[in-house]
Amino acid sequence: MIKLLTGSRRTLWMAAAACMLGSFTIYANVGLLAASAWLISAAALHPPVAELSVAIVGVRFFGLMRAVCRYLERYVSHDVTFRLLADIRGWLYTQLEPLAPAGLMAFNKGDIFSRLVADVETLKFFYLRAVFPVLIAVVTAAGTVAFLAWLAPPLAWPVAGAFIAAGCVIPVVLGRLGQTTGRKVIEARAMLNGALADSIEGLTELAAFGQAKTQAVKVTALNSRLINRQKQANAVMAMADALGTLGMNITVIAVIALAAPLVGSGTLAGVYLAVAALAVQASFEAILPLPAVIYYWQESKAALERIKDISRQPVIAQLSGTKEILPGAVHLAAHNLSFAYQPGLPSALSGITFNLPQGKKLAIVGASGAGKSTLAGLILRFWDYSQGALLLNGDDIRNYAPAAVRRAISVVSQDTYLFNATIRDNILLAKPDAAETELKAAIAGAMLGEFIDKLPQGLKTMTGQNGLALSGGERQRIALARALLKTAPVWLLDEPTAGLDAYAESIVMENVLQAAGSCSVILITHRLIGLEAMDEILVIEGGKIAEQGSLAELLAQKGVFYQMWGLQQDLLNTT
Ligand SMILES: Nc1ncnc2c1ncn2[C@@H]1O[C@H](COP(=O)(O)OP(=O)(O)OP(=O)(O)O)[C@@H](O)[C@H]1O
């Protein structure tokens, strides 16, 4: 994580340059005020103009230097900060990706967005308001004290003491007072984001069940809570500002009080009295942001913790295989496979055994909740099993990289996600470089052609967020077209015809099974369509195999499957 926050060697150099430029900006202010003070004091004594010329040039020089350094400092410090934030976002996304879906169950969508956007955004203050100000203050304070030690040594130590009091004591005291303020703001913001995301996702349900107002009350309460916490944080910051300014004014008065006797005794020339006072006042520009550093530090620490939570998900360690799948046949087999979603929960699957050499067609049927999708999740390495064995080409599937396993499997799931893009782009997701003929064949195989032809913009029609501009059946057919386009040796079809009417269902199944050719097929369904083309059927009940065999064998057994089949035939006859 430290590596992530410090970035590359280049970023470190850029951060150092930003701090140098920040210090030069304040030095320029010190120089500007000191030269002006000297100029005004000396001019009051009516010296020849030539004696003032160096100070006049100094005022011009420091004035220009301050503007240029401030611009460059802002440019470099923001550039380095935004580069680091971009790196952190990229890193966080790479952490999130392998977590889906198992590891993300601990977070709601709004919370994930909050971590990815708001928490990462918060970290910009870590650099701009917590790290850079401290470094700039140290450099500037040291320079000012050294200047005073040269100009009027008795002023150096008291000013150094004032810098320490204003820059260290006030922040530490305020930090203790508002110890958890930063963290509380982050927590309240995350809760509000979570509730907002939930409300937007479930807008239709809330409206349909008349719960929109109740949800609005909940969101408003969370919003008020965030505002209150921000108010507390603002109070701490305002106190920090006020105390800093008070410290600066007291120090300037103290400098004048200490310097006046030095002028009286002739130790310090009178024209330098205002120089010392204004130089100290100008250098406080570096000290004033310090009291707020503790707050930004706390806030960044809380945001960082929340970001790190993602990479600490145990599933990352579990789903850790690295082996690649060699091109060619893929042989899947399970022996006594058992799995529970969490320790303590009843097993979602137990004692599952099957054999799927390349080209075999296997159907997994069972009632809702039997464990069919769980088995699909294990095959896709979304979860890892705890007992038994799931083998890919004779080796434990857990040894293979999850991405390699998923590349070898073409999936149509019950809830395929469609991106807010065109139908064409959504289908091409499976194979971005597919030829036009391949795309057309996939569209025809999924029975999408007629539907697309009727659309004024055809394949260029936008699907809307998660395909909301389409019907459930249309969405499912796009998902099928995607799967048909992907050239993978194994097809995993989880309720592929959900949302289609009985006629379209049987034609689509016929097309899909024909297109599968020599690919292995795992067809998960509770609707017994297309089973005639299957080599073997696994009937699952309560996570266990109830029956197993070909269609003819299962019908001959006259068991559970026979009853399901009978019911299905009755239903089809009536529709
Ligand atoms: N993420 C999860 N955490 C805990 N339990 C789960 C989770 N997902 C599913 N289950 C449970 O595991 C069991 C099997 O669920 P699964 O989704 O595999 O059933 P299914 O046969 O695919 O059902 P359907 O046909 O309705 O999709 C169910 O009892 C379900 O409640």
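Residues numbered from 1 in each chain as written. Predicted model: local features only at pLDDT ≥ 70, side-chain atom pairs only at ≥ 80, totals over all residues.

Here we take up the site of the ligand. By nearness alone, 12 residues border the ligand, and Tyr341, Ser368, Lys372, Ser373 and Thr374 come closest of all. Class assignment for the residues of the shell around the ligand results in four nonpolar, seven polar and one charged. (Near = placed C-beta within 6 Å. Nonpolar A, V, L, I, M, F, W, Y, C, P; charged D, E, K, R; others polar.)

Right, let's talk about the nonpolar core for a bit. Burial of nonpolar side chains together is a common tendency in soluble globular proteins. Core analysis: the biggest nonpolar cluster contains 75 residues, and Ala34, Ala276 and Ala279 have the highest contact counts within it. Looking at this core, the elements that each hand over two or more residues are α2 (9-43), α3 (49-96), α4 (109-151), α5 (153-177), α6 (181-201), α8 (212-264), α9 (271-287) and α10 (290-311). The element that contributes the greatest number of residues to this core is α2, accounting for 15 residues. Core analysis: the next-biggest nonpolar cluster, separate from the first, contains 65 residues, Val365, Ala516, Leu554 and Phe561 among them. (Core = buried A, V, L, I, M, F, W, Y, C linked by C-beta atoms within 7 Å. Buried ≥ 20, exposed ≤ 12 C-beta atoms within 10 Å, placed from the backbone. Helix = DSSP H or I, 4+ residues; strand = E, 2+ residues; numbered from the N terminus.)

Let us now look at the pairing of strand β1 (residues 332-339). Looking at chain direction, β1 and strand β2 (residues 349-356) are connected through five bridges and run antiparallel. Bridge assignment links leucine 337 to a residue of β2, and that residue is isoleucine 352. (Pairing = 2+ DSSP bridges.)

As a further point, take α4. The end-to-end C-alpha distance of α4, which contains 43 residues, comes to 61 Å, matching closely the 63 Å that a straight helix rising 1.5 Å per residue would cover. Its maximal kink placed at arginine 115, α4 deviates by approximately 35 degrees. (Expected span 1.5 Å × (residues − 1). Bend = angle between axes of the 7 residues up to and from the residue.)

Averaged over every residue, the pLDDT of the protein chain is 86; the share at 70 or more is 95%. Mean pLDDT across the elements of the protein chain bottoms out in helix α11 (residues 314-318) (56) and peaks in β1 (94). (pLDDT = per-residue confidence, 0-100.)

Okay, the pairing of strand β9 (residues 536-541) next. The pairing of strand β3 (residues 361-365) with β9 spans four bridges and is parallel. When the bridges of β9 are listed, isoleucine 364 appears paired with leucine 538. Note: β9 against strand β10 (residues 544-549), five bridges, orientation antiparallel. Each residue of the ladder has a partner; that of leucine 538, found in β10, is glutamine 548. Once β9 ends, the chain turns through two residues before running back antiparallel as β10, passing glycine 542 with a positive phi of about 55 degrees.

Attention now moves to the environment of arginine 424. If you trace the backbone, arginine 424 turns up in helix α14 (residues 423-428). With 15 C-beta atoms counted inside 10 Å, the residue arginine 424 sits in the partly exposed group. Residues arginine 424 and arginine 482, 58 residues apart in the sequence, show an inter-C-alpha distance of 9.8 Å.

Taking strand neighbours across the sheet as the criterion, the four strands line up as β2-β1-β4-β5 in an open arrangement whose pairing is antiparallel. Two strands close off the open sheet at either side, each with one partner strand: β2 and β5 (395-396). The pairing of β1 with strand β4 (residues 387-392) spans five bridges and is antiparallel. For leucine 332, the partnering residue across the bridge sits in β4 and is leucine 392.

It is at 8 Å that the axes of α4 and α6 come closest, and there the two elements cross at 135 degrees. When the axes of α4 and α6 are compared, the pair comes out oblique. Crossing of α4 over α6 shows right-handed handedness. Two secondary-structure elements touch here, α4 through Lys109, Gly110, Asp111, Phe113, Ser114, Ala118, Asp119 and Thr122 and α6 through Ile186, Arg189, Ala190, Asn193, Gly194, Ala195, Leu196, Ala197, Asp198 and Glu201. For the contact of α4 with α6, the class distribution of residues is seven nonpolar, five polar and six charged. (Axes fitted to C-alpha atoms, helices over the stretch in contact; angles between N-to-C directions. Parallel < 35°, antiparallel > 145°, perpendicular 65-115°, else oblique. Left-handed = near helix turned anticlockwise from the far one by under 90°. Contact = placed C-beta atoms within 7 Å.)

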